[in-house]
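Tertiary structure, described
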Amino acid sequence: MERWDALEAKCRDCQACPLSQRRTNMVFGVGRKDADIMLIGEGPGMQEDLQGEPFVGPAGKLLDDMLSIIDLNRSNVYIANIVKCRPPNNRDPMEEEQDACIGYLKEQIQLVQPKIIVALGRIAGARIQHPGIRITREHGMWACRNGIWHTTIYHPSALLRKPELRPETFDDLLSIREKIREVGARI
Ligand code: URA
(Lines give C-alpha, C1' and ligand atoms only; values in the text may rest on other atoms or scores of the structure.)
Protein backbone atom coordinates (compact mmCIF):
# COMPACT_ATOMS: atom_id res chain seq x y z
CA MET A 1 0.00 0.00 0.00
CA GLU A 2 2.96 2.30 0.52
CA ARG A 3 3.53 2.67 -3.21
CA TRP A 4 -0.15 3.42 -3.74
CA ASP A 5 -0.14 6.06 -1.04
CA ALA A 6 3.04 7.64 -2.40
CA LEU A 7 1.62 7.70 -5.93
CA GLU A 8 -1.67 9.21 -4.81
CA ALA A 9 0.17 11.87 -2.79
CA LYS A 10 2.30 12.69 -5.85
CA CYS A 11 -0.85 13.11 -7.95
CA ARG A 12 -2.48 15.26 -5.30
CA ASP A 13 0.51 17.62 -5.32
CA CYS A 14 0.97 17.53 -9.09
CA GLN A 15 1.29 20.80 -10.95
CA ALA A 16 2.73 19.36 -14.14
CA CYS A 17 0.10 20.91 -16.40
CA PRO A 18 -2.33 23.84 -16.28
CA LEU A 19 -5.31 21.58 -15.51
CA SER A 20 -3.98 21.34 -11.96
CA GLN A 21 -4.66 25.07 -11.42
CA ARG A 22 -8.40 24.73 -11.87
CA ARG A 23 -9.15 21.44 -10.16
CA THR A 24 -11.40 21.06 -7.14
CA ASN A 25 -10.16 17.50 -6.69
CA MET A 26 -7.60 15.35 -8.41
CA VAL A 27 -9.44 12.20 -9.49
CA PHE A 28 -7.10 9.31 -8.80
CA GLY A 29 -9.06 6.11 -9.35
CA VAL A 30 -11.50 3.77 -7.68
CA GLY A 31 -11.97 0.06 -7.18
CA ARG A 32 -10.02 -3.02 -6.36
CA LYS A 33 -6.30 -2.30 -6.30
CA ASP A 34 -5.43 -5.83 -7.41
CA ALA A 35 -8.26 -6.20 -9.92
CA ASP A 36 -7.77 -8.40 -12.97
CA ILE A 37 -9.80 -5.93 -15.03
CA MET A 38 -9.01 -2.27 -15.40
CA LEU A 39 -11.15 0.37 -17.11
CA ILE A 40 -9.67 3.59 -18.37
CA GLY A 41 -11.64 6.73 -19.21
CA GLU A 42 -10.58 10.05 -20.59
CA GLY A 43 -10.70 12.53 -17.76
CA PRO A 44 -12.91 13.85 -14.98
CA GLY A 45 -16.07 15.83 -15.72
CA MET A 46 -17.81 18.28 -13.42
CA GLN A 47 -19.21 15.75 -10.95
CA GLU A 48 -15.94 13.82 -10.83
CA ASP A 49 -14.01 17.03 -10.15
CA LEU A 50 -16.41 17.89 -7.33
CA GLN A 51 -16.45 14.42 -5.77
CA GLY A 52 -12.90 13.21 -6.50
CA GLU A 53 -14.10 9.90 -7.95
CA PRO A 54 -14.17 8.75 -11.58
CA PHE A 55 -17.44 8.19 -13.42
CA VAL A 56 -19.91 9.50 -10.85
CA GLY A 57 -21.87 11.77 -13.25
CA PRO A 58 -24.45 10.70 -15.84
CA ALA A 59 -21.90 8.74 -17.89
CA GLY A 60 -20.87 6.95 -14.71
CA LYS A 61 -24.42 5.81 -14.02
CA LEU A 62 -24.52 4.28 -17.47
CA LEU A 63 -21.08 2.75 -16.98
CA ASP A 64 -22.32 1.05 -13.80
CA ASP A 65 -25.28 -0.36 -15.74
CA MET A 66 -22.98 -1.57 -18.52
CA LEU A 67 -20.69 -3.27 -16.02
CA SER A 68 -23.55 -4.96 -14.22
CA ILE A 69 -24.57 -6.71 -17.46
CA ILE A 70 -21.37 -8.72 -17.21
CA ASP A 71 -21.28 -9.04 -13.40
CA LEU A 72 -18.72 -6.29 -12.90
CA ASN A 73 -18.88 -3.38 -10.49
CA ARG A 74 -16.67 -0.85 -8.77
CA SER A 75 -15.42 -3.38 -6.29
CA ASN A 76 -14.19 -6.02 -8.74
CA VAL A 77 -12.53 -3.72 -11.29
CA TYR A 78 -10.20 -0.74 -11.06
CA ILE A 79 -11.23 2.48 -12.84
CA ALA A 80 -8.96 5.40 -13.68
CA ASN A 81 -8.58 8.07 -16.35
CA ILE A 82 -5.91 9.25 -18.80
CA VAL A 83 -5.84 12.66 -17.06
CA LYS A 84 -6.56 13.17 -13.38
CA CYS A 85 -7.77 16.75 -13.43
CA ARG A 86 -10.83 18.09 -15.21
CA PRO A 87 -10.35 19.76 -18.59
CA PRO A 88 -12.40 22.98 -18.72
CA ASN A 89 -15.91 22.63 -20.19
CA ASN A 90 -15.32 18.92 -20.64
CA ARG A 91 -13.13 19.46 -23.69
CA ASP A 92 -10.81 16.64 -24.75
CA PRO A 93 -7.57 16.60 -22.77
CA MET A 94 -4.77 18.04 -24.93
CA GLU A 95 -1.79 15.91 -25.95
CA GLU A 96 0.52 17.85 -23.62
CA GLU A 97 -1.87 17.36 -20.71
CA GLN A 98 -2.07 13.66 -21.44
CA ASP A 99 1.72 13.46 -21.72
CA ALA A 100 2.09 15.19 -18.36
CA CYS A 101 -0.30 12.75 -16.67
CA ILE A 102 0.14 9.40 -18.39
CA GLY A 103 3.07 8.34 -16.21
CA TYR A 104 0.77 8.20 -13.19
CA LEU A 105 -1.63 5.90 -15.03
CA LYS A 106 1.26 3.69 -16.16
CA GLU A 107 2.31 3.36 -12.55
CA GLN A 108 -1.25 2.47 -11.54
CA ILE A 109 -1.29 -0.23 -14.24
CA GLN A 110 2.01 -1.61 -12.90
CA LEU A 111 0.59 -1.73 -9.39
CA VAL A 112 -2.75 -3.27 -10.35
CA GLN A 113 -1.23 -5.77 -12.81
CA PRO A 114 -4.51 -6.37 -14.63
CA LYS A 115 -5.07 -9.20 -17.09
CA ILE A 116 -7.51 -7.09 -19.13
CA ILE A 117 -7.60 -3.36 -19.87
CA VAL A 118 -10.72 -1.78 -21.36
CA ALA A 119 -10.29 1.72 -22.78
CA LEU A 120 -13.46 3.80 -22.81
CA GLY A 121 -13.74 5.99 -25.89
CA ARG A 122 -11.43 7.23 -28.60
CA ILE A 123 -9.10 9.35 -26.45
CA ALA A 124 -8.35 6.50 -24.05
CA GLY A 125 -8.22 4.03 -26.94
CA ALA A 126 -5.62 6.16 -28.74
CA ARG A 127 -3.39 6.09 -25.65
CA ILE A 128 -4.05 2.56 -24.51
CA GLN A 129 -4.70 0.59 -27.69
CA HIS A 130 -2.89 2.44 -30.46
CA PRO A 131 -2.56 6.02 -31.68
CA GLY A 132 -5.00 6.96 -34.42
CA ILE A 133 -7.51 4.29 -33.42
CA ARG A 134 -10.74 4.44 -35.45
CA ILE A 135 -13.26 3.56 -32.81
CA THR A 136 -16.15 3.05 -35.23
CA ARG A 137 -14.19 0.24 -36.88
CA GLU A 138 -12.03 -1.00 -34.05
CA HIS A 139 -14.26 -1.03 -30.98
CA GLY A 140 -14.41 -4.46 -29.41
CA MET A 141 -11.23 -5.70 -31.09
CA TRP A 142 -8.58 -7.32 -28.90
CA ALA A 143 -4.80 -7.08 -28.80
CA CYS A 144 -2.42 -8.65 -26.30
CA ARG A 145 0.63 -6.61 -25.23
CA ASN A 146 3.03 -7.50 -22.44
CA GLY A 147 0.67 -10.27 -21.39
CA ILE A 148 -2.27 -7.86 -20.95
CA TRP A 149 -5.35 -8.05 -23.19
CA HIS A 150 -6.52 -4.64 -24.43
CA THR A 151 -9.76 -3.54 -26.02
CA THR A 152 -11.57 -0.25 -26.61
CA ILE A 153 -15.31 0.25 -26.40
CA TYR A 154 -17.50 3.30 -26.89
CA HIS A 155 -17.42 5.82 -24.07
CA PRO A 156 -20.66 5.84 -22.04
CA SER A 157 -21.06 9.57 -22.87
CA ALA A 158 -21.13 8.63 -26.55
CA LEU A 159 -23.81 6.05 -25.76
CA LEU A 160 -25.86 8.73 -23.99
CA ARG A 161 -25.60 10.96 -27.06
CA LYS A 162 -26.08 8.15 -29.58
CA PRO A 163 -28.23 5.33 -28.21
CA GLU A 164 -28.03 3.62 -31.60
CA LEU A 165 -24.47 2.56 -30.67
CA ARG A 166 -25.71 0.53 -27.70
CA PRO A 167 -26.34 -2.79 -29.49
CA GLU A 168 -22.73 -2.86 -30.72
CA THR A 169 -21.55 -2.04 -27.22
CA PHE A 170 -23.67 -4.84 -25.82
CA ASP A 171 -21.78 -7.23 -28.11
CA ASP A 172 -18.48 -5.71 -26.96
CA LEU A 173 -19.47 -6.27 -23.34
CA LEU A 174 -20.21 -9.90 -24.12
CA SER A 175 -16.78 -10.20 -25.71
CA ILE A 176 -15.25 -8.80 -22.51
CA ARG A 177 -17.12 -11.43 -20.53
CA GLU A 178 -15.80 -14.06 -22.91
CA LYS A 179 -12.23 -12.78 -22.49
CA ILE A 180 -12.66 -12.81 -18.70
CA ARG A 181 -13.54 -16.51 -18.93
CA GLU A 182 -10.79 -17.25 -21.45
CA VAL A 183 -7.98 -15.77 -19.35
CA GLY A 184 -9.48 -16.86 -16.04
CA ALA A 185 -9.75 -13.29 -14.75
CA ARG A 186 -11.05 -13.01 -11.22
CA ILE A 187 -14.28 -11.06 -10.75
N1 URA B 1 -15.71 10.59 -18.37
C2 URA B 1 -14.49 10.04 -18.25
O3 URA B 1 -13.84 9.73 -19.24
N4 URA B 1 -14.03 9.85 -17.02
C5 URA B 1 -14.71 10.15 -15.93
O6 URA B 1 -14.21 9.92 -14.84
C7 URA B 1 -15.99 10.72 -16.09
C8 URA B 1 -16.47 10.93 -17.31
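Basis of the calculations
Residues numbered from 1 in each chain as written. Predicted model: local features only at pLDDT ≥ 70, side-chain atom pairs only at ≥ 80, totals over all residues. Heavy atoms only, no water. Helix = DSSP H or I, 4+ residues; strand = E, 2+ residues; numbered from the N terminus. Buried < 20%, exposed > 50% of the residue type's maximum accessible area, 1.4 Å probe, protein only. Near = heavy atom within 4 Å. Polar contact = N/O pair within 3.5 Å; in protein donor to acceptor, adjacent residues only side chain to side chain. Areas by Shrake-Rupley, 256 points an atom, 1.4 Å probe, with all protein chains shown as cover. Nonpolar A, V, L, I, M, F, W, Y, C, P; charged D, E, K, R; others polar. Axes fitted to C-alpha atoms, helices over the stretch in contact; angles between N-to-C directions. Parallel < 35°, antiparallel > 145°, perpendicular 65-115°, else oblique. Left-handed = near helix turned anticlockwise from the far one by under 90°. Contact = heavy atoms within 4.5 Å.

1. Considerations on unusual backbone geometry
Even without glycine at this site, N89 takes up a positive phi of about 55°. Inspection of the secondary structure puts N89 in the loop between β3 (78-81) and α5 (95-112). Look at N89 and you get exposed, because its relative accessible area is 71%. The phi torsion at Q113 lies on the positive side, around 55°, for a residue other than glycine. With respect to the helices and strands, Q113 occurs in the loop between α5 and β4 (116-120).

2. A look at the site of the ligand
Around the ligand lies a shell formed by G41, E42, G43, E48, P54, F55, N81 and H155. Separating a nitrogen atom of the ligand from a side-chain N or O atom of N81 is a distance of 2.8 Å. With the chains in place, 92% of the 240 Å² that the ligand exposes on its own is no longer accessible. Counted by class, the shell around the ligand contains two nonpolar, four polar and two charged residues.

3. Concerning the packing of helix α4 (residues 58-69) against helix α9 (residues 166-183)
Put simply, α4 and α9 touch, their axes get as near as 9 Å, and they point 50° apart. One way to sum up the angle between α4 and α9 is to call them oblique. Crossing of α4 against α9: the hand is right-handed. Contacts between α4 and α9 pair L62, M66 and I69 from the former with R166, T169, F170, L173 and R177 from the latter. Class assignment for the residues of the contact of α4 with α9 results in five nonpolar, one polar and two charged.

Honestly, it's all geometry; don't read function into it.
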